[in-house]
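Commentary on secondary and tertiary structure
Listed below are the residues making up each chain.
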Amino acid sequence: MSIPHPDTPLPSEITPETTYLNRRQFIQATLSTAIIANTLSTATWAKGIDPHSVGSLPTTQPLSPTSTSLLSTDEAPTPLEKVVNFSNFYEFGTDKTDPVNYAHSLKVDPWQVNVVGAVAKPGVLGIEDILRLFPLEERIYRLRCVEGWSMVIPWLGISLAQFLKRFQPTSQAKFVQFLTLLDPQQMPGQRRPILNWPYQEGLRIDEAMHPLTLLSLGLYGRTLPKENGAPLRLVVPWKYGFKSIKSIVTIRLMEKQPLTSWEEVASSEYGFYANVNPEVPHPRWSQARERRIGEFAKRDTLLFNGYAEQVASLYHGMDLRKYY
Ligand code: MTE
């Protein structure tokens, strides 16, 4: 990944502390009410939260979750404008602001996702089908990037496990590969050989089937903005952000471990597992601390991004320095 320096805050990212603290208290109070209620008729973000506290709401379509997951963090969400203006989506350029400036050329409707490979019932689903077939949850997750920054985002999505089960994975299904759309007309970054396009990612089947793993269709109570991976992306909260592949068109269940885009270009820096691990430094910088976007002081990075209780057993007995 071409990274200037992971820890230098941009002036626009520094929120005055008083503003931040007021916002945080307000959001936390609102969120705990929403989480206790557990069943929401409309999205928390469209209803319960002062839009000014997260910037304006996305300009995409409203999307209503049936519940807010108890797997959600109660940490303060990152203001929306920071999220949309600070995105890695190399199909639209390598600067953090390129996606918000150039992703308008992406056509997200109609969109289909193909599920192929080691499944008894391969098939294709459109976004409307997915929204009709699976319960949509709001899940407020931390996202930690390998570059040293982190965010908290209220995602809307469905359980990847429930989605995959519909296609009946066979006993050969040991891994899951995900592919982004390949279309240099719509994705100008694909005209340059930065990565071997299309962007690809992979999970072990037990990681894919884990209850935390989310196939996201929205954030902040609305469908995903194009710059954040519309109309469908992966969110794996205990892994570095690059595992969370955007604008997915193909999901392939496989017997062999798939190659991932970042492994292909720099395997010594970006491994297949990519579990957030403060004890295993990136070859060029430490992973021990992180800067939450919108905050000034750095905080300690937590093993598995704070989700150790839920996911550590998946890696029992593995040398996490070797399988980084
Ligand atoms: N997916 C695609 N298709 N293309 C990309 O360039 N970048 C990855 C990941 N998914 C990327 C992608 C990286 S490096 C990160 S850190 C996360 O998206 C960032 O997600 P965010 O933009 O929602 O913060």
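These notes cover the structure that comes with them. Please read all numbers here as calculations on a predicted model, not as lab measurements.

So, about the environment of Trp 111. Residue placement: Trp 111 occurs in the loop between helix H4 (98–102) and strand E2 (112–117). For Trp 111 and Glu 128, which are 17 residues apart along the polypeptide, the C-alpha to C-alpha distance reads 9.1 Å. With near-sequence residues (within four places) excluded, Trp 111 lies in contact with Leu 106, Leu 125, Gly 126, Ile 127, Leu 181, Ala 230, Pro 231, Ser 247, Ile 248 and Val 249. Polar contacts involving the side chain of Trp 111 include one to the main-chain carbonyl oxygen of Ile 248, which spans 2.9 Å.

Take the nonpolar core next. Of all hydrophobic cores here, the largest spans 80 residues; its most connected members are Ile 130 and Phe 163. Beyond its immediate sequence surroundings of up to four residues, Ile 130 is in contact with Val 113, Leu 125, Ile 158, Phe 163, Leu 217 and Leu 232.

Next up on the list: the side chain of Ser 150. Structurally, Ser 150 is set in strand E5 (residues 149–159). The class for Ser 150 is buried, based on a relative accessible area of 1%. Of the polar contacts made by the side chain of Ser 150, one reaches the side chain of Glu 290; its length is 2.8 Å. Contacts of Ser 150, omitting those with residues within four sequence positions, involve Leu 143, Arg 144, Glu 290, Arg 291, Arg 292 and Ile 293.

Thresholds, definitions, all that
Residues numbered from 1 in each chain as written. Predicted model: local features only at pLDDT ≥ 70, side-chain atom pairs only at ≥ 80, totals over all residues. Heavy atoms only, no water. Helix = DSSP H or I, 4+ residues; strand = E, 2+ residues; numbered from the N terminus. Contact = heavy atoms within 4.5 Å. Polar contact = N/O pair within 3.5 Å; in protein donor to acceptor, adjacent residues only side chain to side chain. Core = buried A, V, L, I, M, F, W, Y, C linked by side-chain atoms within 4.5 Å. Buried < 20%, exposed > 50% of the residue type's maximum accessible area, 1.4 Å probe, protein only.

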